[in-house]
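# A look at the structure
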Amino acid sequence: MPPLTSALLSRSTTASGSSSSARISAAAAAVISNPAAGAAPSSPPPPARQSPRSRPASPFASGLAGRLFGGHRAAARSSSTAAAVFERRFASAATRNSYDEILTSLAKPGGGAEFGKYYSLPALSDPRIERLPYSIRILLESAIRNCDEFQVSGKDVEKILDWEKSAPKLVEIPFKPARVLLQDFTGVPAVVDLACMRDAMSKLGSDPNKINPLVPVDLVIDHSVQVDVARSENAVQANMELEFYRNKERFGFLKWGSTAFRNMLVVPPGSGIVHQVNLEYLARVVFNNGGILYPDSVVGTDSHTTMIDGLGVAGWGVGGIEAEAAMLGQPMSMVLPGVVGFKLTGKLRNGVTATDLVLTVTQMLRKHGVVGKFVEFYGGGMSELSLADRATIANMSPEYGATMGFFPVDGKTLDYLKLTGRSDDTVAMVESYLRANKMFVDYNQPEAERVYSSYLELNLEEVEPCLSGPKRPHDRVTLKNMKSDWISCLDNDVGFKGFAVPKESQGKVAEFSFHGTPATIKHGDVVIAAITSCTNTSNPNVMLGAALVAKKACELGLEVKPWIKTSLAPGSGVVKKYLDKSGLQKYLDQLGFNIVGYGCTTCIGNSGELDETVSAAISENDIVAAAVLSGNRNFEGRVHPLTRANYLASPPLVVAYALAGTVNIDFEKEPIGTSKDGKEVYFRDIWPSTEEIAEVVKSSVLPDMFKSTYEAITKGNPMWNELSVSASTLYPWDSSSTYIHEPPYFKDMTMTPPGPRPVKDAYCLLNFGDSITTDHISPAGNIHPDSPAAKYLKERGVERKDFNSYGSRRGNDEIMARGTFANIRLVNKFLKGEVGPKTTHIPSGEKLSVFDAAMKYKNEGHATIILAGAEYGSGSSRDWAAKGPMLQGVKAVIAKSFERIHRSNLAGMGIIPLCFKSGEDADTIGLTGHERYTVHLPANVSDIKPGQDVTVTTDNGKSFTCTLRFDTEVELAYYDNGGILPYVIRKIAEQ
């Protein structure tokens, strides 16, 4: 070990040698006595944001300008004295750092002044650093910078330095993200929990104002807009008015949060999609806080937070409960990940898009197996990918299962920072710091060979145009095989690639009248065509490519059938500006792809209603209708209840399939339509070349567009600015509200942890097979009129037209508990082939809604468990997928395997995650789900070890061994306390 490293590590005190739970307990004390002790201090974005603004137009503008230009000083409702104390605490954090000897000055180019100081990795003189993947170096720097021997110890630093040897051992490390990112669906329950935690602190006799974010928190309201109005010039305004009508109470609550809590920025509706705003504006890449430089890093309550990895910022999705703990200064406990090195070579062929590439990469990585790992891209092909292309690939990390899909910073990154309006001085700081700290890739200079846990390689020239579907994002279909694959799907048994439509019915033609116009619909006909989702709307190449397809189609006289619901939902206002500049928006409008709003729409199920005549034709004739969207998720039941086939595709392909009107077409051999002069038009006639697209991008996408868009974002909009909110720092709960409800998590809470809870003679609530996603578990989409949630709303006088979506009501635990496992495509073995949100109440044999059955068990005093197959909980990082089962009384989930975030969320809510041993599952053991289950865990948490074997027995004499998936000591501490939030409250209240 190098002398300096050895000397620094020798400083470790007894705190670093203690258990993780003890260390984190000490950390809580450190955070309260000095909030900066383990929290990454807040920082403004790059100085490029510092354009002059006098007297912002609204309270929001003041908060945003302050947060973005003055760091934590933007904290509303805090006195100048309190703010000064807060700043001094941040500033004093570094004085206790064990690694101050390597704090090094970074001079500006040309000498003279300096950018600031940084913790220098080269100053450690440790040869292991050169071999570390770039993504691991970011974890290393964070550990060094936050090494206070409380939250982060010298031994933690050594684990990361020794990554080659320690990662295969699945060792635990703490990680301190620089900031937290939220969207409104997940942000509302996070703010609800923070508000409720303040109340709990007050009831425990402690200061409620101790509950405040200690790192910068950015919340972008983007998940509430729905495509109610489409194919209209007035769609944006009409949809926003409906959005505010439905969500005024939620929006007012979030606006209250932006002023009641320090260090929280709320970006109002209509501004864009959270990940695109993050990419184009919020991301710092390198922080400069009070003269201390360090890499930007972020965790977000949306799984696609990974999009920022394309910018060289380490970011990934976590559960809302984890994010809340991070906001409150708790370290994130994580297993030091393996890193898959993905080498890219060559160049994409003419006409092949970044979407085709990401769907190919997704399939490859799914096959390779990357759950719980980082993926780091490298190789000569990197120079051929734009930053936007990289962001597209990084965005879909959840779909290929990785924690991150990381692209280290290089020259392309710097070009993008300049394009998006960051100042020259900021870009110079980013480059200088990252070069100095061995975190910058320069393909013009030789580099030491990095070591990866495993390797993959893709020649970009081999990528073909493709889609993914009809039910999963990693089921890639090449464009040339699309027709044959579709026919196979009709033939196949019901499953991920099958609909079991009898041969004699496959050619069925259903006739209907569309507002007086005779119309027909067949299996595979497209009824939704949506250019949507930050995955693609952040990429000018595919967006302008779609516009060029529209232009060529319009010039040939092609049209989209009027009953196809077409829409365009950009992720930021920049998209409209470059579409207008190019002169191409009018062609998209002509085909019905009018802009419908700036936010997540069809990709998350906010597709709005289909025309009644279309819905009736589909339902009455059992038609397998299709949606084609440029999104990242196409799980069954997600996009729209009536589109059983859902295909992910590039924006240009979305336009092409809208024109064809069906997915049952071979684009190479069959015409896409007929021109105005009667000639057959083929796909090749409307598809733009790569050169055509590049030319339009070069002339139409300009830095001033980004600058003007994000300067205007501080102004909000009139509807937002007119919202009035309470000035109290404690939220005034309204018991009659059906949107915001005080949750019961801290009811009757005392300062004494409850300890492990026995799971004895529990019934099985649900018996699942493989690939149950969080879309199946978590409340999402529209509220079905016959559901328990609908019954709850009706009892409170809410009319059906005002039900809104589950997502919009995530701040009300009563509704969310009723919507858990309410997916209409839920497949539960108890129902023997019947699909839907039902289960069997074992004692009585009754078939009930899952919620009603769960409540019946609770009222009878019975605990429940869930049996599941592989990949349980894959999909979005939704905290309600864990909160909901907890509120329903689920005590344990026994599965073949878990998705990373969902397993963590279950642990955070005090639900026991258990894995069958390799080669075993419920079927091989002979479990039917009708048994009663006892989980044999020690009664004292000190006798439980992460990953230990646990025996489960049943009332009919079966016994089997599972692996306990509490993966860290910290998760055991959460379990002992009844969950992560009670744990945090107790630790803070103790001070």
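Heads up: the structure comes first, above all this text.
Predicted model, so just to flag it, every value in this text is computed and none were measured. (Residues numbered from 1 in each chain as written. Predicted model: local features only at pLDDT ≥ 70, side-chain atom pairs only at ≥ 80, totals over all residues. Heavy atoms only, no water.)

## Digging into the environment of Trp163
Along the polypeptide, Trp163 turns up in helix H9 (residues 163-166). According to the relative accessible area criterion, Trp163 is buried, its value standing at 2%. Linking Trp163 and Pro133, residues 30 residues apart in sequence, is a C-alpha distance of 9.4 Å. (Helix = DSSP H or I, 4+ residues; strand = E, 2+ residues; numbered from the N terminus. Buried < 20%, exposed > 50% of the residue type's maximum accessible area, 1.4 Å probe, protein only.)

## Some points on the sheet that holds strand S2 (residues 114-119)
Here 4 strands make up an open sheet; going across it, the order is S1-S2-S8-S7 and the pairing mixed. What marks the edges here is a single partner per strand, and that holds for strand S1 (103-107) and strand S7 (286-289). Averaged over all adjacent pairs, the angle separating strand axes in this sheet is 35°, with direction ignored. Alignment of S7 against strand S8 (residues 292-295), held across 4 bridges, turns out to be antiparallel. Bridge assignment links Val286 to a residue of S8, and that residue is Pro295. (Pairing = 2+ DSSP bridges. Axes fitted to C-alpha atoms, helices over the stretch in contact; angles between N-to-C directions.)

## Here we look at the sheet that holds strand S31 (residues 912-916)
Taking strand neighbours around the barrel as the criterion, the 7 strands line up as S26-S29-S30-S31-S34-S33-S32 in a closed arrangement whose pairing is mixed. On average, each strand axis in the sheet is tilted by 40° relative to the strand beside it, whichever way the strands run.

## Some points on the pairing of strand S10 (residues 314-317)
The alternating pattern of S10 places Ala314 and Trp316 and Gly315 and Gly317 on opposite faces, both of which are buried. Pairing of strand S9 (residues 297-300) with S10 involves 4 bridges; the strand directions are parallel. In the strand pairing of S10, Val298 is matched with Gly315.

## Structural notes on the packing of aromatic side chains
For the structure shown, the criterion picks out 29 aromatic pairs. Here the aromatic rings of Phe768 and Phe821 are separated by 5.9 Å at their centres, their planes lie at 35°, and the arrangement is tilted. One end of the pair, Phe768, is in the loop between strand S26 (759-767) and helix H30 (774-777); the other, Phe821, is in the loop between helix H32 (813-819) and strand S27 (838-841), and 53 residues separate them in sequence. Look at Phe768 and you get buried, because its relative accessible area is 2%. Ring geometry for Phe768 against Tyr872: centres 6.4 Å apart, planes inclined by 25°, an arrangement best described as stacked. Of this pair, Phe768 sits in the loop between S26 and H30 while Tyr872 sits in the loop between strand S29 (864-867) and helix H34 (880-887), placing them 104 residues apart in sequence. Members of the aromatic cluster, each reached through a chain of ring pairs, are Phe253, Trp256, Phe261, Tyr731 and Trp733. (Phe/Tyr/Trp six-rings, centres within 6.5 Å; stacked < 30°, edge-to-face > 60°.)

## Side note on the packing of helix H17 (residues 411-419) against helix H18 (residues 424-436)
One way to put it is that H17 packs onto H18 with a least axis distance of 10 Å and a crossing angle of 160°. Looking at the two axes, H17 sits roughly antiparallel to H18. Considering the relative orientation of H17 and H18, their crossing is right-handed. Contacts between H17 and H18 involve Leu414, Leu417 and Lys418 from the former and Val427, Val430 and Glu431 from the latter. (Parallel < 35°, antiparallel > 145°, perpendicular 65-115°, else oblique. Left-handed = near helix turned anticlockwise from the far one by under 90°. Contact = heavy atoms within 4.5 Å.)

## Some details on the pattern of salt bridges
One side chain can pair with another of opposite charge once the charged atoms of both are near each other. Using the criterion set out here, one finds 48 salt bridges in the structure. Residue Glu164 is joined to Arg131 by a salt bridge in which the shortest nitrogen-to-oxygen separation is 2.7 Å. Of this pair, Glu164 sits in helix H9 while Arg131 sits in helix H6 (residues 128-131); the two residues are 33 residues apart in sequence, bridging distant segments of the chain. Among the residues examined, Arg131 registers a relative accessible area of 37% and is labelled partly exposed. Residues Asp580 and Lys576 are paired through a salt bridge, measuring 3.0 Å at the closest nitrogen-oxygen approach. One end of the pair is Asp580 and the other is Lys576, both in helix H22 (residues 573-582) and 4 residues apart, which spans about a single turn. Salt bridges sharing partners connect three or more residues here, namely Asp126, Arg128, Glu158 and Asp162. (Salt bridge = Lys/Arg side-chain N within 4 Å of Asp/Glu carboxyl O.)

## Some remarks on the state of the cysteines
What the rule picks out here adds up to 0 disulfides. With no disulfide partner, Cys466 has as its closest neighbouring cysteine sulfur the one in Cys489, 15 Å distant. Looking at Cys915, it has no disulfide partner, and the nearest cysteine sulfur is the one in Cys962, 7.9 Å off. (Disulfide = S-S within 2.5 Å.)

## Digging into the environment of Lys794
Position of Lys794 relative to the elements: it lies in helix H31 (residues 788-795). A C-alpha to C-alpha distance of 24 Å links Lys794 and Gly889, two positions 95 residues apart in sequence. Apart from the residues within four sequence positions on either side, Lys794 is in contact with Pro785 and Phe803.

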